Amino acid sequence: MKLSGGAALVESLAAHGVEVLFGIPGTHNLGIYAELGRYGIRHVLTRHEQGAGFAADGYARVTGKPGVCLTTSGPAILNAATAAAQAYSDSVPMLLISPGPPVRHPGRGNGILHEVRDQTGAMAAVTAGSHRVTSVAEIPVAVAQAFAQLRSGRPRPLHLEIPLDLIDEADDIDPVPPIPVTAPVPPADALARALELLNSAERPGVLVGGGARAAAEPLAELASRLGAPVLSSANGKGILPEDHACALGAGLHHRSVAEFAADCDVVLAVGTELAPADLWHGPLRFPGKLIRVDIDPVGVVTNANPDVPLVGDAANTLQTLLDGITRVSISDSFDRVARWRQQIFAEATRQGGPWLPILAALDETLGRDGVLAADSAMVCYYGALSNLPRYTPGSFLYPTGLGTLGYGLPAAIGARLGRPSSRVAALHGDGGIMFTVAELASAAALDQALPVLVVDNGGYGEIRDEMAERGDLPLAVDLPSPDFAELGRSMGCHGVTLPDCDGLVDVLRDAFEADRPTVIHLRG
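Computed from a predicted model, the values in this text were never measured in an experiment.

Thoughts on helix 5 (residues 81-89)
Then, in step 1: Here helix 5 lies mainly inside the structure; seven of its nine residues are buried.
Then, in step 2: Looking only at helix 5, the buried set comprises A81, A83, A84, A85, Q86, A87 and S89.
Then, in step 3: The inward-facing, buried residues of helix 5 abut helix 3 (49-63), helix 4 (75-79), strand 5 (94-100) and helix 6 (119-124).
Then, in step 4: Directly beyond the C-terminal end of helix 5, a positive phi value near 55° is found at S91.

Structure (structure tokens):
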């Protein structure tokens, strides 16, 4: 079958289940855009390539499927590099596609439009791999290989570069169907050692991260059978419903977490890096035994060396462990859960105090399956992370590791498309929203019912506080706030300004039923 490079690419994406992609057209990728409608792939236009990358990230987190971002070459794909780096940090499957220099481009360059000295190398630095094809016939193979990698092992972003002269060039191609991927299970002897520890544990505990998103059911049953308190990282929030009898909520950053880990005679850590970005007060110590479940053989010994490493898929591994559990919860197991919950919740409440009314309004209106796309803002990491309960996997989207600003709004756009039956809201500070504020126009064009809460503290509040703690005079942290409600209206959204949280519940209810996004500016 003879196809152009653009058609070969789009046909291959469709064959691998791609229904939506995010991006912006440009001179060098028009031959790809020409084929999208023919193969039934929906294109979502953003206003900046970083927004396209964050939207693909949000889509991937709520669907579990790879998000796809299509840009043109040079500055466009480099604009998406921050989103790629965030996806790498948080183990999110994403495929970024861009044109590149022509096949016979001079090695030292000749100044073609959008030329970057080493575009492939630049993207390789922020992804799990950047591959440049060298023929039209290779494109279906490269797409199949990329999706096989995205769907196996630790999910991380990939970049695929199509030389611009191959996009319109035609050649005979052989379609390559999706490559079957098998979820791995740890060796039997390692599972036996883990079961011996779990069945004999008197004070078990569970730490869960984003790598356990597909393991919600066996996790809940395992926790109940063990009577084990379960605490999640930011990216693990909602995997165990936070009203489950064993749930301690989310947030490994509390000081109480170190005490909890030290109190357990056996800790089962599932799909979590135990990373410094989550553990603000230093690494955890495990005087008892540590069992780690991780699909990444490198990650399973990073940050904490386990007594029993279980390298395998979280869902399969937990189900196998569950089948071997003989331990019966001791009588005071759930009293122990309640004690730790009270201690951790008290700490979370103190830390999140200034924002509790906002979070209560969100909790009342989001619904049980609602999704919050949170930015790297004080209201999110001090507030929502531990004080807004979530009940389903992928219901709290947060840029944990890289900690980029501007993530929330475009991620919410992607999440809204990926989970159209759920309510989705974005939560920002007044500083961070300005990084991607142009995506209000993108959301308005999609007619999305999407509340965008902007909590205004007059600048970069966290950095202001850190300067004060150092004894420095505040510099470059105070921002004159625009009228965010009016800014939203100018981009096609509704806009509401509130001096405080009085009336926020009603505003949110209206926003979730509106015909377009609603910017809610919370002053003070």
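On we go from here.
A short note on the sheet that holds strand 19 (residues 494-498)
Then, in step 1: In spatial order, the strands read 16-15-17-18-20-19; together these six strands make up an open sheet with parallel pairing. Since the sheet does not close on itself, it has two edges, and those belong to strand 16 (396-397) and strand 19, each with one partner.
Then, in step 2: On top of the sheet, helix 14 (residues 356-366) reaches strand 15 (371-374), strand 17 (424-429), strand 18 (451-455) and strand 20 (518-522); it is set at about 165° to strand 17, its chief contact.
Then, in step 3: Seen against the sheet, helix 16 (residues 408-418) touches strand 15, strand 16, strand 17 and strand 18 and runs at an angle of roughly 175° to strand 17.

Describing the packing of aromatic side chains
Then, in step 1: A full pass over the atoms with the stated rule returns eight aromatic pairs.
Then, in step 2: Geometrically, the ring pair formed by W280 and Y381 is edge-to-face, given 6.1 Å between the ring centres and 80° between the ring planes. A residue pair is termed long-range when its members are at least 10 positions apart, and W280 in the loop between strand 12 (266-270) and strand 13 (289-294) and Y381 in helix 15 (residues 378-387) qualify at 101 residues.
Then, in step 3: Residue W280 is classed as partly exposed on the basis of its relative accessible area of 37%.
Then, in step 4: With relative accessibility at 10%, the residue Y381 sits in the buried group.
Then, in step 5: Ring centres of W355 and Y382 lie 6.2 Å apart, and the angle between their planes is 15°; on these two criteria the pair is classed as stacked.

Topic: the pattern of salt bridges
Opposite charge on two side chains allows them to pair when their charged atoms are near.
Then, in step 1: For the coordinates displayed, the defined rule picks out 21 salt bridges.
Then, in step 2: Through salt bridges that share partners, D57, R61 and D90 make up one connected network.

Side note on empty space enclosed by the protein
Then, in step 1: Per the counting criterion, the structure on display carries three cavities of 30 Å³ or more.
Then, in step 2: Put simply, the largest cavity is a space of about 60 Å³.
Then, in step 3: Considering the residues around the largest cavity, the lining is formed by H16, G17, V18, E19, V20, Y59, K65, P66, V68, F147 and R151.
Then, in step 4: Taken together, the residues of the lining of the largest cavity sort by class into six nonpolar, two polar and three charged.

Structural notes on the environment of P218
Then, in step 1: On the secondary structure map, P218 appears in helix 10 (residues 216-226).
Then, in step 2: By relative accessible area, which is 9% here, P218 ends up buried.
Then, in step 3: Counting along the chain gives 104 residues from P218 to L322, while the straight-line C-alpha distance between them is 7.0 Å.
Then, in step 4: Sequence-distant contacts of P218, defined by excluding residues within four places in its chain, comprise A315, L318, Q319 and L322.

Topic: the side chain of S130
Then, in step 1: For S130, the position within the fold is in strand 6 (residues 130-132).
Then, in step 2: Side-chain polar atoms of S130 contact the side chain of H159, separated by 2.7 Å.
Then, in step 3: In contact with S130, not counting residues within four places along its chain, are T120, M123, A124 and H159.

Regarding the pairing of strand 18
Then, in step 1: Counting buried positions over the five residues of strand 18 gives five, a clear majority of the element.
Then, in step 2: Neither face of strand 18 is open: one carries P451, L453 and V455, the other V452 and V454, and all of them are buried.
Then, in step 3: Pairing between strand 17 and strand 18: four bridges, direction parallel. Its bridge partner being in strand 18, A426 is matched across the sheet by V452.
Then, in step 4: In this region the chain leaves strand 17, passes through helix 17 (residues 439-445) and returns to the parallel neighbour strand 18; the handedness of that crossover is right-handed.
Then, in step 5: Relative to strand 20, strand 18 is paired through five bridges, and the arrangement is parallel.

Topic: the layout of surface pockets
Then, in step 1: A volume near 1,100 Å³ is recorded for the largest pocket.
Then, in step 2: Along the wall of the largest pocket there are 50 residues; nearest its centre are S91, P155, G210, G211 and R213.
Then, in step 3: At the level of secondary structure, the elements contributing two or more residues to the lining of the largest pocket comprise helix 3, strand 13 and helix 12 (314-324).
Then, in step 4: Broken down by element, the residue count for the lining of the largest pocket peaks at four residues, all from helix 3.
Then, in step 5: A class-by-class count of the residues in the lining of the largest pocket yields 21 nonpolar, 18 polar and eleven charged.
Then, in step 6: Approximately 680 Å³ is the volume attributed to the second largest pocket.
Then, in step 7: S376, A377, M378, V379 and Y381 are, among the 42 residues lining the second largest pocket, the residues nearest its centre.
Then, in step 8: At the level of elements, helix 15 and helix 18 (461-470) are the ones that each hand at least two residues to the lining of the second largest pocket.
Then, in step 9: No other element matches the five residues that helix 15 contributes to the lining of the second largest pocket.
Then, in step 10: A per-class count over the lining of the second largest pocket returns 22 nonpolar, twelve polar and eight charged.

A short note on unusual backbone geometry
Then, in step 1: Phi is positive for S91, which is not a glycine, with a value near 55°.
Then, in step 2: Structurally, the position occupied by S91 is in the loop between helix 5 and strand 5.

Overview of the packing of helix 14 against helix 20 (residues 504-512)
A pair of packed helices is characterised by two quantities: the angle between their axes and the separation of those axes.
Then, in step 1: The interhelical angle for the contact between helix 14 and helix 20, taken along N-to-C directions, is 40°, at an axis separation of 9 Å. Taken together, the axes of helix 14 and helix 20 lie oblique to each other. As for the relative orientation of helix 14 and helix 20, their crossing is right-handed in sense. Where helix 14 abuts helix 20, its residues I358, A361, L362, E364, T365 and L366 lie against L504, V505, L508, R509 and F512.
Then, in step 2: Counted by class, the contact of helix 14 with helix 20 contains eight nonpolar, one polar and two charged residues.

Scoring rules and cut-offs
- Every chain's residues receive numbers from 1 upward, in the order its sequence appears when written.
- The predicted nature of this model means local features are confined to residues of pLDDT at least 70 and side-chain atom pairs, given and counted, to a pLDDT of 80 or more, with totals for whole chains, interfaces and linings taken over all residues.
- Here the side-chain values reflect all heavy atoms present in the structure, with hydrogen atoms and water set aside.
- Using a 1.4 Å probe on the protein chains alone, a residue whose accessible area is under 20% of its type maximum counts as buried, one over 50% counts as exposed, and one in between counts as partly exposed.
- Secondary structure is summarised from DSSP: a helix means a run of H or I of at least four residues, a strand means a run of E of at least two, and numbering begins at the N terminus for each.
- Every residue pair with non-hydrogen atoms within 4.5 Å of one another is taken to be in contact.
- When DSSP locates at least two bridges between a pair of strands, those strands are taken to pair.
- Axes here refer to lines fitted to C-alpha atoms; in helices the fit is confined to the stretch in contact. Angles between the N-to-C directions go from 0 to 180 degrees.
- Pairing of aromatic rings covers Phe, Tyr and the six-membered ring of Trp, with a centre-to-centre limit of 6.5 Å; geometry is then stacked below 30 degrees between planes, edge-to-face above 60, and tilted otherwise.
- Salt bridge, as used here: a side-chain nitrogen of Lys or Arg that lies within 4 Å of a carboxyl oxygen of Asp or Glu.
- A 1.4 Å probe that fits but cannot get out identifies a cavity on a 1 Å grid over protein atoms alone, an open set with protein on both sides within 12 Å along at least five of seven lines counts as a pocket, and a residue lines either if it has an atom within 4 Å of a point.
- Grid points are joined across faces, edges and corners, and a volume is the space filled by probe spheres set on the points.
- Residue type decides the class: Asp, Glu, Lys and Arg count as charged, Ala, Val, Leu, Ile, Met, Phe, Trp, Tyr, Cys and Pro as nonpolar, and the leftover types, Gly among them, as polar.
- Any pair of nitrogen or oxygen atoms within 3.5 Å is treated as a polar contact; in protein, a donor-acceptor pairing is required on top of that, and neighbouring residues in sequence qualify only through side-chain atoms on both sides.
- By convention, a crossover is right-handed whenever its connection, traced from the first strand over the helix to the second and viewed with the strands pointing away, goes clockwise.
- Angular relationships are summarised with four words: roughly parallel below 35 degrees, roughly antiparallel beyond 145, roughly perpendicular across 65 to 115, and oblique for the angles in between.
- Here a crossing is taken to be left-handed if its near helix is turned anticlockwise relative to the far helix by less than a right angle, and right-handed if that turn runs clockwise.

From the geometry alone we can't say anything about function, so treat these as descriptive.
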